[in-house]
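Summary of structural features
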Amino acid sequence: LSSTQSAAVCIQCLTDERVFDYADVLTDAQEDDLRELIAEKEKEVSLDIVLVTLNEDVGSSDDALMEYADQFYEDNKFGYDKPIGDGVIYVADFPW
């Protein structure tokens, strides 16, 4: 994924990265495949698409995970059409 693929639509994102494998559950090849797929799908659906894997306990409730996702999205200013604009974030927690 080149920086121009995401940067062309993400006006003020703080990063062009869309795959954050903090839990280290994906291989490098899987991460690359996901980046490619995400770049393609972002253009099709006009949304930023972000994937985050965690290996920490962010809280036992769905609300805690949702708060983490919201904060992560806002902190990085994701949004296809504007900062903190249209997009989707998927956060998977793998507390080992």
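Preceding this section is the structure that the text describes.
Residues numbered from 1 in each chain as written. Predicted model: local features only at pLDDT ≥ 70, side-chain atom pairs only at ≥ 80, totals over all residues. Heavy atoms only, no water.

A word on the overall build of the chain
Broken down by element type, the chain carries 3 helices and 3 strands. Counted from the first residue to the last, the chain has its helices and strands arranged as α-β-α-β-α-β. When each of the 96 residues of the chain is scored for burial, the buried share is 34%. In the chain, once contacts between residues fewer than 6 apart in sequence are set aside, the share between residues at least 24 apart is 68%. (Helix = DSSP H or I, 4+ residues; strand = E, 2+ residues; numbered from the N terminus. Buried < 20%, exposed > 50% of the residue type's maximum accessible area, 1.4 Å probe, protein only. Contact = heavy atoms within 4.5 Å.)

What about the packing of aromatic side chains?
Under the counting rule described, the total for this entry stands at 7 aromatic pairs. Seen from their ring centres, F20 and F72 are 5.0 Å apart, and the 80 degrees between their planes marks the pair as edge-to-face. Here F72 lies in helix α3 (residues 62–75) and F20 lies in strand β1 (residues 19–21), a separation of 52 residues in the sequence. Through a chain of ring-to-ring contacts, the aromatic side chains of F20, Y22, Y68, F72, Y73 and F78 assemble into a single cluster. (Phe/Tyr/Trp six-rings, centres within 6.5 Å; stacked < 30°, edge-to-face > 60°.)

So, the sheet that holds β1
The 3 strands lie next to each other as β1-β2-β3, forming an open sheet whose pairing is parallel. Here the strands that pair on one side only, and so sit at the sheet edges, are β1 and β3 (87–93). This sheet shows a mean twist of 5 degrees between the axes of neighbouring strands, independent of strand direction. Sitting on the sheet, helix α2 (residues 28–45) is in contact with β1 and β2 (48–54), with an inclination near 150 degrees to β2. The sheet strands contacting α3 are β1, β2 and β3, and the helix crosses β3 at an angle near 130 degrees. (Pairing = 2+ DSSP bridges. Axes fitted to C-alpha atoms, helices over the stretch in contact; angles between N-to-C directions.)

Here's the deal with the environment of D16
Mapped onto the secondary structure, D16 falls in the loop between α1 (3–7) and β1. With 60 residues separating them in the primary sequence, D16 and N76 have C-alpha atoms 9.7 Å apart.

Considerations on the pairing of β2
In terms of burial, β2 is a largely internal element, 7 of the 7 residues being buried. Pairing of β1 with β2 involves 3 bridges; the strand directions are parallel. Of the residues in β2, the one forming a bridge with V19 is L51. Regarding topology, α2 serves as the crossover connection from β1 to the parallel β2, and that connection is left-handed. Sheet topology places β2 next to β3; 7 bridges connect them, and they run parallel. In the strand pairing of β3, V50 is matched with I89. (Right-handed = clockwise from strand over helix to strand, strands pointing away.)

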